[in-house]
Amino acid sequence: MPITLGQIARLVDGQLHGDANLPITGADILRDARAGEITFAENARLADQLAASQAAAVLTPPEFEPTGIPYITVANVQGAFSRIVAHFRPPLVDRHSGVSPAAVVSPTARLEPNVTVHPLAFIGDDVTIGPRTVIHAGARLMAGCRLGADVVVFPNAVLYEKTVVGDRVLIHAGAVIGAYGFGYSLVDGRHQLGAQLGHVELGDDVEIGACSTVDRGTYGATVVGAGTKVDNLVTIAHNCRIGRHNVLCAQVGIAGSVTTGDYVMMAGQVGIRDHLDIGERAVLGAKAGVMQDVPPGESYVGSPATPLQQQKVIQVAILRLPELKKQLRDLAHTVARLEQSLAPTPPAENA
Amino acid sequence: MPITLGQIARLVDGQLHGDANLPITGADILRDARAGEITFAENARLADQLAASQAAAVLTPPEFEPTGIPYITVANVQGAFSRIVAHFRPPLVDRHSGVSPAAVVSPTARLEPNVTVHPLAFIGDDVTIGPRTVIHAGARLMAGCRLGADVVVFPNAVLYEKTVVGDRVLIHAGAVIGAYGFGYSLVDGRHQLGAQLGHVELGDDVEIGACSTVDRGTYGATVVGAGTKVDNLVTIAHNCRIGRHNVLCAQVGIAGSVTTGDYVMMAGQVGIRDHLDIGERAVLGAKAGVMQDVPPGESYVGSPATPLQQQKVIQVAILRLPELKKQLRDLAHTVARLEQSLAPTPPAENA
Amino acid sequence: MPITLGQIARLVDGQLHGDANLPITGADILRDARAGEITFAENARLADQLAASQAAAVLTPPEFEPTGIPYITVANVQGAFSRIVAHFRPPLVDRHSGVSPAAVVSPTARLEPNVTVHPLAFIGDDVTIGPRTVIHAGARLMAGCRLGADVVVFPNAVLYEKTVVGDRVLIHAGAVIGAYGFGYSLVDGRHQLGAQLGHVELGDDVEIGACSTVDRGTYGATVVGAGTKVDNLVTIAHNCRIGRHNVLCAQVGIAGSVTTGDYVMMAGQVGIRDHLDIGERAVLGAKAGVMQDVPPGESYVGSPATPLQQQKVIQVAILRLPELKKQLRDLAHTVARLEQSLAPTPPAENA
């Protein structure tokens, strides 16, 4: 599906600067674009990288006018580039709809109109599923789950009993929602599992990444607030109440009964101990080991985590530790020399 | 299902202090309890939190007699609270038993009485399954697995060939037992996979969390000892011998051929390098990076991990590093001043 | 299947030193070998451990001649030991081949000769699968996937749309290839998911561990180079280009758009921030938190990670921090004493 640069400018409703008849053979990001392809660059800082690229043309915002390469300016660069990519590699259209005869759906489950259930999915007793929701192959919805509208449950994701899922939620492949909380008491030398009477609630627009886990509450709900996005391999323990519009990057681990405010950001591999409170709009840096409450709006990094400004000073000081040791040693020599220069000739003897 | 406080006291066989006719509409933990609900508080330190709660009544142990709220005292608070929660939200009863016709069970598998196999589960050749064991939807038991009695394998868990599972084991959704060990040798510039002739053995009462992995031994068994509890997203590598009654919190990673004694505790995100020995009742703090053997009974934290007492001193010292630098600078000034005050007027000239 | 030591020597084509009629009842690694069993020891450093073992005989390389125990010498010890283990515990032979009638295979999928599809696997529209490839129970290949020859997809692994897989690739149970990249932009207080038009490409001989995830590219491919081995619970984010013959140990997390050269090694629980470049043959130590590019051939450790030599000095300095504090305090006392010894009797007053 080659196409000319002029046709692309019309496709994205952009302003063309260059030869409208230039043939374009594909679209790729700046790092990967080959000869003949169109790419995009969102700001002038990419000018050098663009000059080194083999790309035949580039999409830019109006404020960046590159030299030496034909370009098209548009207001929303990424949106426009998506349309171009979709021209060259049209997204697959799922030809399937309705409930596959190769799925297993309990007779007591209640599916609203236009639900799609793919082959080999399992829908347990008394499950309810909202309109237009899609359940992919191998997904398991155990008894009593309630799903909203326009939800997508990807292949092999598992929802334990009574999981509650809002509208427009995405649950990626291999995610496990509602497994037992990890709470034990030691009785006669054996770890005895605590109560597992609760469940999980995912708010509207929540996204759960591949192979991430959210454990059920002990007696009530573990909650993930509306709009919160969870990356891959994250674990959220029992009784947590994650706020709205949080962003939890990959491999974050949150222990039991943690609460977070809205718009909290956690970078990759953060760990939070149990029963802490993370304030609204707090930011936790990559690999932070959070051992105390974090006030709203604060940035914490390090392990144990403390405020970012403090850690910056400490990190610089740690890198200079060997130098500090040397300075101390030198100073000790100086002092020893001073002492010696004074000691051998005590005033009494001088007198 | 509203109920009076007096009925609840009888349900849990507790001592009522307050109005027996008070209607109770639900049960929830202290943090989440709403007006009309009953909650629980296990000690007097929660008195302030209880006073701030909207709960209508509270369950306490005999030694904590709260004021300003009706209460019921019982010896086992959590056990009693579980019974109350179960009254308000009765647990689901699985109406299914026996082997689903929508499961795939090899004709050479041998199932003891009262085994339940849910739809779309897969039981391979020569697998044996003990009495009352439950295999949930989508679980895969590859050829030659041997499972004990009263085991539960949750949806989509996978057991590779010849996995041996004791009695009363729980394997949560998405867990993978017996995948290949990660052992390679570099031959002619390519990483060549080592032998994969071993398998995994899980002792009685072991619990494996969601999306956790235990790799098979190279030639023999990777062993998880009886009573050991493993949280979500944990990985135990090939040839490990984990002791009995260990507790491994979420996202712990244990490299190959590690051995641990009994009653070892590992907090979240701990990493242990290969071939180490972790002594009985050792405790590894959150995010510890263990690079050497840990003696029995010791607590190690930090990365690289060292004894807790040492790390406490070090952590304090690190936080005070900027101050230390300043002290050193001040001292250097003082010494310089001293030197100068001595140097310009040597005794000889004074004389 | 007991066997004599002489028969074992012939089986592995080795040189026997000891009683050919000695009966051998099994084979196990040095740590685990019981009386009557044969084990192996690859070098003389294991002599003490061997002397303490109950093993009845041992396999060694020609340069290690142990005393007090019958032994067989062979050039390739591990290879020979594998053959002995296989004698005592013959590997299972999969009796199944062809496409199971209990699998779901799209009519538009194209399978080359000798493909095996196990029960309850799902092969979507337009998928192509190369010769001798094996798809295990519960694996999901979404529409448009292209798999090479001699690939093994283990139970319950998931490949999203259009995943491209080379020859001889192993994808372990629970792995998820091609889920959405974790890229959002904040629009009117909501995190809006970025484009998901790309896919994943796994080169020849790649191995992906259990429950590991590789996210699709935003517009193009996320690439894992030929010969690269990925352990369990690893996550590789969108747009990454991992080089050839890399080794990524368990629980490594790589953020978006990272590139690596060939033969890079990452130990367990390493984290790499987005858009970094890791040079050829670089080595990243366990738990390293990589916040900057790593030059080719360099070893980085720590968090934030810096060169190994620097970190070694720093680690020693940190462990001695309390001592450093004490030295500074002592020196301050000495200086104070010096000051005092000079100050009370100023020359002026003496005069």
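Cut-offs applied
- Residues numbered from 1 in each chain as written.
- Chains lettered and ligands numbered in written order.
- Predicted model: local features only at pLDDT ≥ 70, side-chain atom pairs only at ≥ 80, totals over all residues.
- Heavy atoms only, no water.
- Helix = DSSP H or I, 4+ residues; strand = E, 2+ residues; numbered from the N terminus.
- Rg over C-alpha atoms; globule rule 2.2 N^0.38 Å.
- Buried < 20%, exposed > 50% of the residue type's maximum accessible area, 1.4 Å probe, protein only.
- Contact = heavy atoms within 4.5 Å.
- Areas by Shrake-Rupley, 256 points an atom, 1.4 Å probe, with all protein chains shown as cover.
- Lys, Arg positive; Asp, Glu negative; His and termini not counted.
- Charge placed at Lys NZ, Arg CZ, Asp CG, Glu CD.
- Buried area = accessible area lost by both parts, 1.4 Å probe.
- Salt bridge = Lys/Arg side-chain N within 4 Å of Asp/Glu carboxyl O.
- Nonpolar A, V, L, I, M, F, W, Y, C, P; charged D, E, K, R; others polar.
- Least-squares fit on C-alpha atoms with pLDDT ≥ 70 in both.
- Phe/Tyr/Trp six-rings, centres within 6.5 Å; stacked < 30°, edge-to-face > 60°.
- Pairing = 2+ DSSP bridges.
- Expected span 1.5 Å × (residues − 1).
- Arc of directions from axis to C-beta.

Q: I keep staring at the overall build of chain A and nothing clicks. Help me out?
A: Within chain A, the regular secondary structure consists of 6 helices and 39 strands. Radius of gyration (C-alpha) of chain A: 30 Å, far over the 20 Å computed for a compact globule of 351 residues. Taking all 351 residues of chain A together, the buried fraction comes to 56%. Sequence-distant contacts, at least 24 apart, represent 17% of the contacts inside chain A between residues at least 6 apart. With the model as given, the accessible surface of chain A reaches about 14300 Å², and the carbon-plus-sulfur share is 53%. Taking the 27 positively charged and 33 negatively charged side chains of chain A as two groups, their mean positions are separated by 3 Å.

Q: Explain the interface of chain B and chain C to me, please; I cannot follow it from the model alone.
A: Of the residues lining the interface, 73 residues belong to chain B; the matching set on chain C comes to 64 residues. Here chain B packs against chain C, burying approximately 5100 Å² in sum over the two surfaces, 67% of which is carbon and sulfur. Considering only the surface of chain B that becomes buried against chain C, Phe182, His191 and Tyr219 of chain B emerge as the three largest contributors, covering 16% of it. On the surface where chain B and chain C come into contact, there are 3 salt bridges. Arg337 of chain B is the partner of Glu339 of chain C in a salt bridge, and the nearest nitrogen-oxygen pair spans 3.5 Å. Among the secondary structure elements, those contributing two or more residues to the side of chain B that touches chain C are strand S20 (176-179), strand S21 (184-187), strand S22 (190-193), strand S25 (213-215), helix H4 (308-319) and helix H5 (321-342) of chain B. If you tally residues by element for the side of chain B that touches chain C, the top one is H5 of chain B, at 10 residues. Residue composition of the side of chain B that touches chain C, grouped by class: 39 nonpolar, 23 polar and 11 charged.

Q: Explanation requested: the relation of the copies chain B and chain C in the structure shown.
A: Between the two copies of the chain lies a rotation about an axis combined with a shift along it. Take chain B, turn it by 120 degrees, move it 0.1 Å along the axis, and it overlays chain C with an RMSD of 0.2 Å. These values place the two chain copies in the arrangement generated by a three-fold rotation axis.

Q: Sorry if this is basic, but what is going on with the packing of aromatic side chains here?
A: Aromatic rings in a pair are described by how distant their centres are and how their planes are angled relative to each other. Under the counting rule described, the total for this entry stands at 18 aromatic pairs over all chains. Ring centres of Phe154 of chain A and Tyr160 of chain C lie 5.1 Å apart, and the angle between their planes is 35 degrees; on these two criteria the pair is classed as tilted. Of the two residues, Phe154 of chain A is situated in the loop between strand S16 (152-153) and strand S17 (158-159) and Tyr160 of chain C in the loop between strand S17 (158-159) and strand S18 (164-165); the pairing between them involves two chains. Note on Phe154 of chain A: relative accessible area 4%, which makes it buried. Assessed through its relative accessible area of 0%, Tyr160 of chain C is described here as buried. Both rings, one in Tyr219 of chain B and one in Phe81 of chain C, keep their centres 4.7 Å apart while their planes meet at 90 degrees; by these two values the pair is edge-to-face. Placement of Tyr219 of chain B in the loop between S25 and strand S26 (221-224) and of Phe81 of chain C in helix H3 (residues 77-88) is noted, with the two residues assigned to different chains.

Q: How should the sheet that holds strand S7 (residues 71-73) of chain A be read in this particular structure?
A: Note on sheets: strands pair through backbone hydrogen bonds, and any given pair is parallel or antiparallel. Residue and element names in this part refer to chain A. Read from one edge of the open sheet, 5 strands run S2-S7-S6-S5-S4, paired in mixed fashion. The sheet is open, and its two edges are formed by strand S2 (15-17) and strand S4 (26-27), each paired on a single side. One ladder, built from 3 bridges, connects strand S5 (residues 37-40) with strand S6 (residues 57-60); its direction is parallel. Bridge assignment links Phe40 to a residue of S6, and that residue is Leu59.

Q: Can you help me understand the sheet that holds strand S37 (residues 289-290) of chain A in this one?
A: All names here are of chain A. Here we have 10 strands laid out as an open sheet, ordered S8-S11-S14-S17-S20-S25-S28-S31-S34-S37, and parallel in their pairing. On the outer flanks of this sheet lie strand S8 (104-105) and S37, each paired with one strand and no other. In this sheet, strand S34 (residues 271-272) lies alongside strand S31 (residues 253-254) in parallel orientation, the contact comprising 2 bridges. Bridge pairing in S34 places Gly253 opposite Gly271.

Q: I keep staring at helix H4 (residues 308-319) of chain A and nothing clicks. Help me out?
A: In an α-helix, one turn spans 3.6 residues, which is why side chains three or four residues apart end up on the same side. Between its first and last C-alpha, H4 of chain A extends 16 Å over 12 residues, near the 16 Å set by a 1.5 Å rise per residue. Those residues of H4 of chain A that fall on the buried side of the exposure criterion are Gln311, Ile314, Ala317 and Ile318 of chain A. The buried side chains of H4 of chain A occupy one side of the element, clustering within an arc of 125 degrees when seen end-on. Elements in contact with the buried residues of H4 of chain A: strand S38 (299-301), strand S39 (306-307) and helix H5 (321-342) of chain A, H4 and H5 of chain B together with helix H4 (308-319) of chain C.

Q: I would appreciate a short explanation of the interface of chain C and chain A in the present structure.
A: Note on interface size: it is often stated as the accessible area lost on association of the parts. Contacts between the two partners involve 73 residues from chain C and, on the opposite side, 64 residues from chain A. Regarding the contact of chain C and chain A, the summed buried area is about 5100 Å², with carbon and sulfur atoms giving 67% of it. Where chain C touches chain A, the interface holds 3 salt bridges. Among the salt bridges present, the one from Asp32 of chain A reaches Arg241 of chain C, with a minimum N-O distance of 3.0 Å. The element contributing the most residues to the side of chain C that touches chain A is helix H5 (residues 321-342) of chain C, with 10 residues. Per-class residue counts for the side of chain C that touches chain A are 39 nonpolar, 23 polar and 11 charged.

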